[in-house]
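A structural walkthrough
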Amino acid sequence: MKKVLLSTLAAMTLSGAAFAETMTLYTDPKTGQVFTTSGEGREEMGDFVSAKEVYLQNQEQDSVIAKKESKKKETSVFAKASKLKFSGTHYLGYNYMNVDGQDATGNFEMRRNYVQVKAYVLEDPKSYLRVTLDATYSNSKQADADGNYDGYAKVFVKYAYLYLDEVLPYTGMEFGMVHRPWIDYEEHQGWWMRSISKVFVEASEASHLTNSADLGFNIKTKTPYFTSEIGVFNGEGYHGQNDSDEEHIGTGNSAEWRFTGAFLGNGEKKRKPLKDSYLDASFFGQYNMDNSKNANATIAGEGEEHTYVWYGLHAVYNMPSLLVSAQYVISDNENKETSEWNGSGYSVNGTFRFGEKKQFSVIGRYDVWTSEDQQATVTEQTTNSAIYGVAWQQNKNVKWLLSGQSFTAKDGRNYKSDTKSDWNSAMLTAEVHW
């Protein structure tokens, strides 16, 4: 009996006994009985453990070993850099549009697909090389200048630059295909809904004065109460023309700027709109020399420089439950022969957030742009655009938006067409970040 009992107790120890809580057992030699406490006539048998506890500890150890083994199966990435950082942003959706005088259309859209990598190639841990690829899809039925149609996905380089940190106190510099000073700031401080509309100075249905990236350099300063960006660029944008020809089109550069006062003293932070409060006011603009956007007003052979200048004021206040923002912009084309780059206008937008984690939002925006044309019968042409909708932040990676937009082409303003049209649209959007 005693041998059987001891064998059973020994089997219970298993391989993990050294890490489990122990229990001391005692036996009475006369009767063979086993006790958990000492007493008269009892002899100590030794320390033993619970079989259940050993089993649980072995399970935990097996799990740790399995995780280590799984890591060994991962594919290694090799690079001549101290670190690589990958990320992506995607705007996927469905758009139903009703244009006056035309049949309504509905299309699934791949509006933007950014995939980027940062390679930390210098000793400074805050300096890096960034490359961002962008894929879009167009189902346009209109041919380009070469007679080709757009109906397929296109991949191109949106950003490709070297960022050098602290080239001056509180100041870094982007060099290459870089951010232009204004649009990136507004998209990350005043208008967080880029997946459904571009900002006022870029949107085709608004002022449509510039775009977000260009070849050049951008000097970026960040302090608690003041931030700025100042740069010199080709001026045509990342998909514009910049070659010299007999008409002297696109041979100049562009000087661009943003100066921002951060009145709540957190200008140097990477702000999170659902957690941080901030109050900013900005002065921004561009001086575009001999720009190809003036090609329709350039006289061949005369060699005249044709510039256009635009500038604006912007203010934004944000707290976790509310954002309000407004701006006023003026554009002046030296030629005065076209309305496309002359005019003024304003934009206001707001976001009201609610829910336990402020994960739900109601959004609205209203744009007005008045073009000026000295050659036209109607010298002022005003357009209006209203955006409205709701959003749900599902988690830190995914946001869903249901929105509508109404565009009014007053006084004959055209929108991507030779006809004068008003339109309305409804959009479902999935915005994904990783």
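Everything below is about the structure shown above.
The sections below set out a description of the structure shown in this document. Remember, predicted model here, so these are calculated numbers, not experimental data.

1. Some words on the packing of aromatic side chains
As enumerated under the stated definition, the model contains 13 aromatic pairs in all. With a centroid separation of 6.1 Å and 65° between ring planes, the pair formed by Phe200 and Trp369 is classed as edge-to-face. Here Trp369 lies in strand S16 (residues 360–372) and Phe200 lies in the loop between helix H3 (183–187) and strand S9 (213–222), a separation of 169 residues in the sequence. For the pair Phe200 and Trp369, a shared accessibility class is recorded, and that class is buried. Positioned over the ring face of Tyr120 is Lys83, at 4.6 Å from the centre of the ring.

2. What about a nonpolar patch on the surface?
Together, Phe352, Phe354, Phe360, Val362, Val390, Trp392, Trp400, Leu402 and Leu428 line one region of the surface with nonpolar side chains, adding up to about 800 Å² of accessible area. At the level of elements, strand S15 (343–354), S16, strand S17 (380–393) and strand S18 (398–409) are the ones that each hand at least two residues to the nonpolar patch. Within the secondary structure layout, Phe360 lies in strand S16.

3. Notes on a positive patch on the surface
Together, Lys83, Lys85, Lys222, Lys270, Lys272 and Lys275 line one region of the surface with positive charge. Tracing the chain through its elements places Lys275 in the loop between strand S11 (254–262) and strand S12 (278–288). Given the relative accessible area of 64%, Lys275 is considered exposed.

4. Some words on the side chain of Arg180
Within the secondary structure, Arg180 is located in the loop between strand S8 (171–179) and H3. Classification of Arg180 by relative accessible area gives buried; the value is 3%. Side chain to side chain, Arg180 and Glu256 meet in a polar contact 2.7 Å long.

5. Let's talk about the side chain of Asn113
Considering the arrangement of structural elements, one finds Asn113 in strand S5 (residues 105–120). If we skip the residues at most four places from it in the chain, Asn113 touches Thr89, His90, Leu92, Leu133, Asp134 and Ala135.

Calculation rules
Residues numbered from 1 in each chain as written. Predicted model: local features only at pLDDT ≥ 70, side-chain atom pairs only at ≥ 80, totals over all residues. Heavy atoms only, no water. Phe/Tyr/Trp six-rings, centres within 6.5 Å; stacked < 30°, edge-to-face > 60°. Helix = DSSP H or I, 4+ residues; strand = E, 2+ residues; numbered from the N terminus. Buried < 20%, exposed > 50% of the residue type's maximum accessible area, 1.4 Å probe, protein only. Lys NZ or Arg CZ within 6 Å of the ring centre and 35° of its normal. Patch = residues over 30% accessible without salt bridge, like charges linked within 9 Å, V, L, I, M, F, W, Y side chains within 5 Å. Areas by Shrake-Rupley, 256 points an atom, 1.4 Å probe, with all protein chains shown as cover. Salt bridge = Lys/Arg side-chain N within 4 Å of Asp/Glu carboxyl O. Lys, Arg positive; Asp, Glu negative; His and termini not counted. Charge placed at Lys NZ, Arg CZ, Asp CG, Glu CD. Polar contact = N/O pair within 3.5 Å; in protein donor to acceptor, adjacent residues only side chain to side chain. Contact = heavy atoms within 4.5 Å.

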